[in-house]
Structure formats: C-alpha cells, structure tokens
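What the coordinates show
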Amino acid sequence: MGEFIYGPVPSRRLGRSLGVDLLVPKSCTIDCVYCQLGSHAPLKPERKRFVDPARVEAELAERAAAGVEAEYITFSGSGEPTLSVDLGRVLNFAKGLKIAPVCVLTNGTLLWMPEVREELSRADVVIPNLDAADEETFQLVNRPHSGLDFDRIVEGLIAFSRVFAGKLLLEIVLVNGLNDSEEHLAKLAELVGRIAPAGVWVGSVHRPPAESFARPASAERLELAQKIIGDSARIIEDFRAKNVDSHFKDLAVEVETLLRRRPETARGIAESLGADSREVAKALSILETEGKILRRESDGELFYQYVGQ
C-alpha cells in the first residue's frame with residue numbers, strides 16, 4: 001500500500017491526478033466548514049518536517065518506474081502542503097521524473113513567506129483557495145488559526161502572482177448562505193482582479209463536509225459567481241475519466257489507499273483506478289466488512305469514507 005503516493009485519483013479540476021502527501025492527517029492552518037477530512041484544530045503557521053522526504057521520493061520513483069499514467073502530479077492529501085519544509089525538495093524530485101506537470105493545491109495562507117513563494121515558483125501549476133473576500137467571512141468559512149492575518153494572506157497571493165511564471169489558478173468554494181451573497185461575490189471579484197490569476201474555478205461542497213450545515217450553493221449562485229467574476233471564471237464540472245486499463249494484485253488495497261485521502265463514490269473509484277465497477281463493489285464490501293470504511297450520503301450521492309480499523 002502506498003504510504004505517501006496515492007492514485008491516480010479523479011480530479012474535477014485536473015483529470016487523473018497522482019497525489020503526493022507530505023503530511024500526516026489532518027495538518028492544516030485552517031479548519032474549513034466544508035473540508036472532506038473532517039474538523040480538526042488548525043495548526044500554527046509554522047513549517048516543519050512531517051514525514052521522511054527520502055521515503056516519499058523512493059515511493060514516487062517506484063510508481064514512475066512502474067509506468068504510472070497521470071495528467072498531473074499533485075501535492076495535496078492530508079492538509080496544507082506548504083506547511084512541510086520538504087515541499088521544495090520533493091517538488092524538484094517530482095519534476096525531474098518527467099511523468100507529468102507538477103501542481104500544488106494550497107490554501108494560500110503561507111504565501112506571505114518568501115521561502116514558500118520561492119518553492120512554489122518551481123511548480124507548473126499552483127491552485128490556491130480564496131473562499132473569502134474579508135476577515136469576517138474568512139473566520140466564518142475557513143476558521144483559521146489565530147496566528148493568521150487575512151490581509152497578509154491576500155498580499156502574499158498578490159506577491160506570488162507577480163513573480164510566478166507558471167499557471168496560477170484560484171479556486172473558490174461557495175457554501176450556501178455563508179459566502180455566496182451577491183455582495184460578497186462582488187467583493188471576491190474585486191480581490192480576484194487584484195491578484196490577477198490565469199483563471200478562477202468556482203465550485204461548491206461536493207464530498208461529505210466537516211459540518212452538516214455546510215450545504216452546496218445552488219447552480220444559480222454558481223452561475224452568478226461566474227458572471228460577476230468575469231471571463232476568467234468557470235464552474236468546476238464533474239470529472240469524466242479516460243478509459244485506462246489497470247491491473248492490481250489486490251484491488252481492495254488500492255481502494256483503501258485512495259479512500260485514506262478522500263471520500264469517494266463507487267463510480268469515482270472505478271474511474272480513478274480504471275477498474276471494473278463490479279470488482280470495485282467487491283473491494284468496498286471487503287473494506288466495509290473489515291470496518292475500515294463507512295457509507296455517507298452527501299447532496300444525494302453515496303460516498304465511501306475511510307475510518308480505519
């Protein structure tokens with residue numbers, strides 16, 4: 001079972017994404033109400049080592065040698081990747097393998113640090129979150145550690161945008177009744193203009209959220225956000241995987257590895273792993289019997305969530 005490398009998983013933003021996790025669950029500077037990893041106390045905005053980077057590199061090299069197919073190598077997983085002091089090192093290693101372009105998914109809260117901006121500048125694509133246009137909404141939706149300052153975070157995003165030679169995309173997650181008012185969307189659009197990214201992805205709650213009150217924004221609100229933000233914005237659509245044949249010695253192990261990082265539907269698992277849906281159903285049944293996963297419904301869809309033994 002992969003300890004640090006997972007997938008490829010189906011990403012609604014990136015297609016088939018090979019995940020790299022430099023953290024331990026859950027390691028994040030914020031505690032978003034919609035987080036698929038559940039609610040945890042946010043960490044101080046201080047960088048440190050979470051796992052042995054040599055072991056991450058060895059596992060990544062093994063997957064490369066096995067001929068893994070992915071559209072991106074994506075640093076994400078158990079929280080905020082910029083908290084790891086090894087991000088720059090492993091990012092360079094991943095690029096050197098020349099499997100696929102390297103992407104970093106980040107909440108953007110540490111971009112005020114010059115060393116974080118320098119390390120992220122080596123990526124091909126960086127996707128920070130921007131769910132709030134003011135301190136009040138930031139506290140309401142993202143629930144940050146007390147050591148974070150919203151204005152400093154924004155200035156870090158702007159500073160990074162000015163120097164980054166790759167593709168900078170913002171992701172905005174709208175939550176019904178919390179940050180999707182027309183007034184707040186207008187303020188977000190103004191902030192987007194200051195940051196000047198290559199594009200903006202507008203989405204909403206998709207997987208089971210940390211808080212039950214975090215409900216998806218309506219399709220009409222997503223369309224309104226797209227209209228207010230302008231031509232750079234697009235609404236995140238469901239991922240449709242390519243038909244890639246894959247063979248596994250133990251499909252249940254692969255399914256467990258995927259679910260350790262994120263809840264997923266049976267269809268999403270099958271698409272991600274290129275596996276037959278009937279075999280995925282058998283693997284899920286095994287994991288349920290072993291008490292490793294539970295079923296959770298979110299917005300009319302059935303997700304499987306890892307809970308351990």
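Let us look at the structure shown here. Only a predicted model underlies this, so the values are computations on that prediction, with no experimental measurement involved. (Residues numbered from 1 in each chain as written. Predicted model: local features only at pLDDT ≥ 70, side-chain atom pairs only at ≥ 80, totals over all residues. Heavy atoms only, no water.)

**Observations concerning the sheet that holds strand S6 (residues 167–174)**
Pairing in this open sheet of eight strands is mixed, and the strands run S1-S2-S3-S4-S5-S6-S7-S8 from one edge to the other. Every interior strand has two partners, whereas the edge strands, strand S1 (5–11) and strand S8 (233–235), have only one. Across this sheet, the average inter-strand angle for adjacent strands is 30 degrees, counted without regard to direction. Here two bridges tie strand S5 (residues 125–128) to S6, and the two strands are oriented parallel to one another. Across the sheet, residue valine 126 finds its bridge partner in S6, namely leucine 168. (Pairing = 2+ DSSP bridges. Helix = DSSP H or I, 4+ residues; strand = E, 2+ residues; numbered from the N terminus. Axes fitted to C-alpha atoms, helices over the stretch in contact; angles between N-to-C directions.)

**Some words on the pairing of S5**
Side chains of S5 alternate between two faces, with Val125 and Ile127 and Val126 and Pro128 buried alike. Pairing of strand S4 (residues 102–106) with S5, which is carried by four bridges, proceeds in the parallel orientation. Considered in S5, the bridge of valine 104 is made with valine 126. In this fold, the crossover linking S4 to S5 by way of helix H3 (residues 114–120) has right-handed handedness. (Buried < 20%, exposed > 50% of the residue type's maximum accessible area, 1.4 Å probe, protein only. Right-handed = clockwise from strand over helix to strand, strands pointing away.)

**A closer look at helix H9 (residues 266–273)**
Here H9 has its buried residues at Gly268, Ile269, Ala270, Ser272 and Leu273. Among the structural elements, S1, strand S2 (15–20), helix H8 (251–261) and helix H10 (277–289) are those in contact with the buried residues of H9. Glycine 274 sits one or two positions beyond H9 and adopts a positive phi of about 65 degrees. (Contact = heavy atoms within 4.5 Å.)

**Focus on the pairing of S6**
Summarising burial for S6: seven of the eight residues are buried, a large majority. Here S6 runs beside strand S7 (residues 199–204); their pairing, made up of six bridges, is parallel. By the bridge assignment for S7, glutamate 171 is matched with tryptophan 201. In this region the chain leaves S6, passes through helix H6 (residues 182–195) and returns to the parallel neighbour S7; the handedness of that crossover is right-handed.

**Let's talk about the environment of proline 25**
Position of proline 25 relative to the elements: it lies in the loop between S2 and helix H1 (53–65). C-alpha separation for the pair proline 25 and arginine 261, spaced 236 residues apart in sequence, amounts to 8.7 Å.

**Thoughts on the environment of threonine 137**
With respect to the secondary-structure elements, threonine 137 resides in helix H4 (residues 135–142). With a relative accessible area of 8%, threonine 137 lands in the buried category. Separated by 47 residues in sequence, threonine 137 and histidine 184 place their C-alpha atoms 8.8 Å apart. Setting aside anything within four residues of it in sequence, one finds threonine 137 in contact with Asp131, Ala132, Asn142, Leu178, Asn179 and His184. Only 2.7 Å separates the side chain of threonine 137 from the side chain of aspartate 134, close enough to count as a polar contact. (Polar contact = N/O pair within 3.5 Å; in protein donor to acceptor, adjacent residues only side chain to side chain.)

**Quick look at unusual backbone geometry**
A negative phi angle characterises most non-glycine residues, just as the trans form characterises most peptide bonds. Look at the link from glycine 7 to proline 8: it is a cis peptide, with omega at 10 degrees. Phi at arginine 143 is positive, roughly 45 degrees, even though this residue is not glycine. Along the chain, the position of arginine 143 falls in the loop between H4 and helix H5 (150–163). Non-glycine residue alanine 196 carries a positive phi angle of around 55 degrees. Along the chain, alanine 196 turns up in the loop between H6 and S7. Overall, alanine 196 belongs to the exposed group, its relative accessible area being 51%.

**Description of H8**
For the α-helix, the turn length of 3.6 residues means that residues three or four positions removed from each other point alike. Where burial is concerned, most of H8 is hidden: eight out of the eleven residues are buried. If you check which residues of H8 are buried, you get Leu251, Ala252, Val255, Glu256, Thr257, Leu258, Leu259 and Arg261. On its buried face, H8 sits against S1, H9, H10, strand S9 (293–298) and strand S10 (301–306).

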